[in-house]
Amino acid sequence: MIRERLGLPKRRAHRRLGAGERLLALPSGFLWGAATADQQIERQQPSDWTAFEERAVRERRGIAGVDQAARWLAHKSDFDSHVADDVARAADMGHCAHRFSMSWARLFPREDMAAPDPAGVEFYGRVLDELHRQRMTPFVTLFHFASPAWLWRPDRDDRRGIERPDAPDRLAHLATTLIDAFGDRVRHWCTINEPVVLAYLGYLEGTFPPNEKRGGPLAADAVLAALLRMHEAAAAALREGARRRGTSVQVGIAQHVRTFVPWRNRAPLDVVTAAVIERLFVRRFLDQAMPSCDYVGVNEYGRAYVETELRRPLAYQVRHADPSDADDDASELGWAPDEHAFEDRLVALSRRYRKPIYVLENGTAEAALDDVRRQRQLVRHTQAMARAVQRGADVRGYFHWSLVDNFEWAEGFAPRFGLYAIDYDAGCSRSARGSVEVFRHLTRDNGVPAELWARLGR
Ligand code: BGC
């Protein structure tokens, strides 16, 4: 390894909290919940992702484990048949909020529709009824990676999807439709989930639809600009809809944050490249979107190391974990959580934007029913949030990714992110992982109880 050859010590990004840690409570009224997304748990709708999934099955590539996935894609986690019992499962953990997305393709399966499909409205009305019955606050996402297939037909100038000039109006139309239908019950909205990830995976890496590889990081700029316009149009439509109804809304986006750290702390090119990636991947879009947001939505998935080579400075590598670090606790996708980075991130975002923060996603891939890594993460990240609040961050809620196992996009069904495990071959039956019990304790105490800290915190 270069690091060893050059004798440069890698920064140990991971520090455990100490035994003498003072356990802190979250503020009263803190929102606890889990997050899900339509394309990952519901039956298939006519979206760009569904088209991609069908092609992947035909061509047997594009989705990991596609042969096995082929059997499960049509029903995914079958949330459609489990609305009431899944919401009850969340409530039983003490969740008082829930984040989910309303499928654009389910509501507007055809391009020429001015009004939404009544069956789609009825379905999401049912989800909201169940949440209401369990006294849970809904957080609704408009666009979580999947969009209607019709949006991807090229227009006269050969522009498709996000880059169609009418894409902002189309998303605004969805926003108006939803606030008209549900504005009496939904106050918290998220316009777009992880725009930068969508641009990166869809247009640079090519693993998400539309599967393009446009070259260097700046090649996705036009896509990011289009996503920003879509967000702004949808945010304005939600506000206007709320004004018409005489209510108010809280609007934001969900930004994927990874903390990029140099692989070698004393290698200047690693340090500089990590800072540039951090700026392009995390900060730039947020800076642009924040003026039209009421809160900062954070999807947090840990730490990533940036390693460069002096001879080929642009061919940097991003590593998601350090196998030689026994404290790394990497997930089954190889991603390393980092509660300190999480805490610092919340404090920094709060200082920079001076708006409330909701953690809209945080989770890990671990299949075992005794999911010790997820339990540790829940406990350590809860304490990290409480420490961030003590340092002045205005953190108001935490949504764990995810309530149940789901379709992990191009990674297929192998990575298991659920608090509840799903047996896809047995009618999508659900079984609680150990984390469910841990979560119950966290919500009951509104923070980490000492007994859990002793067992899982350090
Ligand atoms: C996305 C989710 C995804 C999760 C785990 C986030 O990037 O919003 O849809 O399943 O991370 O990879």
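Look above for the structure.
First, a word on what this report is: a plain description of the structure on this page. (Residues numbered from 1 in each chain as written. Predicted model: local features only at pLDDT ≥ 70, side-chain atom pairs only at ≥ 80, totals over all residues. Heavy atoms only, no water.)

## Some thoughts on the nonpolar core
In terms of nonpolar packing, the biggest core is built from 125 residues, with Leu 142, Leu 227 and Met 385 touching the most fellow members. Examining the composition of this core, we find that 11 residues originate from one element, helix α10 (residues 221-245), more than from any other. Excluding its chain neighbours within four sequence positions, the residues that come into contact with Leu 227 are Phe 143, Ile 162, Ile 192, Pro 195, Leu 198, Ala 199 and Phe 285. Counting 16 residues, the second largest nonpolar core, distinct from the first, contains Cys 190, Ala 254, Tyr 358 and Phe 399. (Core = buried A, V, L, I, M, F, W, Y, C linked by side-chain atoms within 4.5 Å. Buried < 20%, exposed > 50% of the residue type's maximum accessible area, 1.4 Å probe, protein only. Helix = DSSP H or I, 4+ residues; strand = E, 2+ residues; numbered from the N terminus. Contact = heavy atoms within 4.5 Å.)

## Thoughts on the packing of helix α9 (residues 195-205) against helix α11 (residues 268-289)
In the contact formed by α9 and α11, the axes pass within 9 Å of each other and the chain directions differ by 135 degrees. By the angle between their directions, the pair α9 and α11 is classed as oblique. For the crossing formed where α9 meets α11, the hand is right-handed. Of the residues in α11, those touching α9 at Pro 195, Val 196 and Val 197 are Leu 280, Phe 281 and Phe 285. Of the residues that constitute the contact of α9 with α11, the class distribution is six nonpolar, no polar and no charged. (Axes fitted to C-alpha atoms, helices over the stretch in contact; angles between N-to-C directions. Parallel < 35°, antiparallel > 145°, perpendicular 65-115°, else oblique. Left-handed = near helix turned anticlockwise from the far one by under 90°. Nonpolar A, V, L, I, M, F, W, Y, C, P; charged D, E, K, R; others polar.)

## Description of the environment of Leu 218
Relative to the helices and strands, Leu 218 is located in the loop between α9 and α10. In this structure the C-alpha to C-alpha distance between Leu 218 and Ala 88, which are 130 residues apart in sequence, comes to 45 Å.

## Description of the state of the cysteines
This model, assessed by the stated rule, comprises zero disulfides. Cys 190 supplies the cysteine sulfur nearest to Cys 293, a cysteine that is in no disulfide, at a spacing of 8.5 Å. With relative accessibility at 3%, the residue Cys 293 sits in the buried group. (Disulfide = S-S within 2.5 Å.)

## Topic: the pattern of salt bridges
Applying the stated rule across the entire model yields 51 salt bridges. Arg 159 serves as the salt-bridge partner of Asp 155, at 3.7 Å between the closest nitrogen and oxygen. Among the charged side chains, a salt-bridge network with shared partners connects Glu 21, Glu 343, Asp 344, Arg 387 and Arg 391. (Salt bridge = Lys/Arg side-chain N within 4 Å of Asp/Glu carboxyl O.)

## Remarks on the side chain of Asn 446
Structurally, the position occupied by Asn 446 is in the loop between α14 (434-445) and α15 (450-457). Owing to a relative accessible area of 17%, Asn 446 belongs among the buried residues under this scheme. Excluding its chain neighbours within four sequence positions, the residues that come into contact with Asn 446 are Ala 25, Leu 26, Pro 27, Ser 28, Phe 30 and Trp 32.

## Some details on the packing of aromatic side chains
Per the counting criterion, the structure on display carries 30 aromatic pairs. Members of the aromatic cluster, connected to one another through ring pairs, are Trp 49, Phe 52, Trp 72, Phe 145, Phe 208, Phe 407, Trp 409, Phe 413 and Tyr 424. Over the face of the ring belonging to Tyr 420 we find Arg 89, whose NZ or CZ atom lies 5.5 Å from the ring centre. Cation over ring: Arg 106 sits above Phe 123, and NZ or CZ is 3.8 Å from the ring centre. (Phe/Tyr/Trp six-rings, centres within 6.5 Å; stacked < 30°, edge-to-face > 60°. Lys NZ or Arg CZ within 6 Å of the ring centre and 35° of its normal.)

## So, the pairing of strand β2 (residues 97-101)
Counting buried residues along β2, five of its five residues qualify, which places the element largely inside the surrounding structure. The alternating pattern of β2 places Ala 97, Arg 99 and Ser 101 and His 98 and Phe 100 on opposite faces, both of which are buried. Where strand β1 (residues 31-35) and β2 come together, three bridges link them in parallel fashion. When the sheet's bridge partners are listed, Ala 34 is paired in β2 with His 98. Examined bridge by bridge, β2 and strand β3 (residues 137-143) share five bridges and lie parallel to one another. Across the sheet, the residue bridging to Ala 97 is Thr 137, located in β3. (Pairing = 2+ DSSP bridges.)

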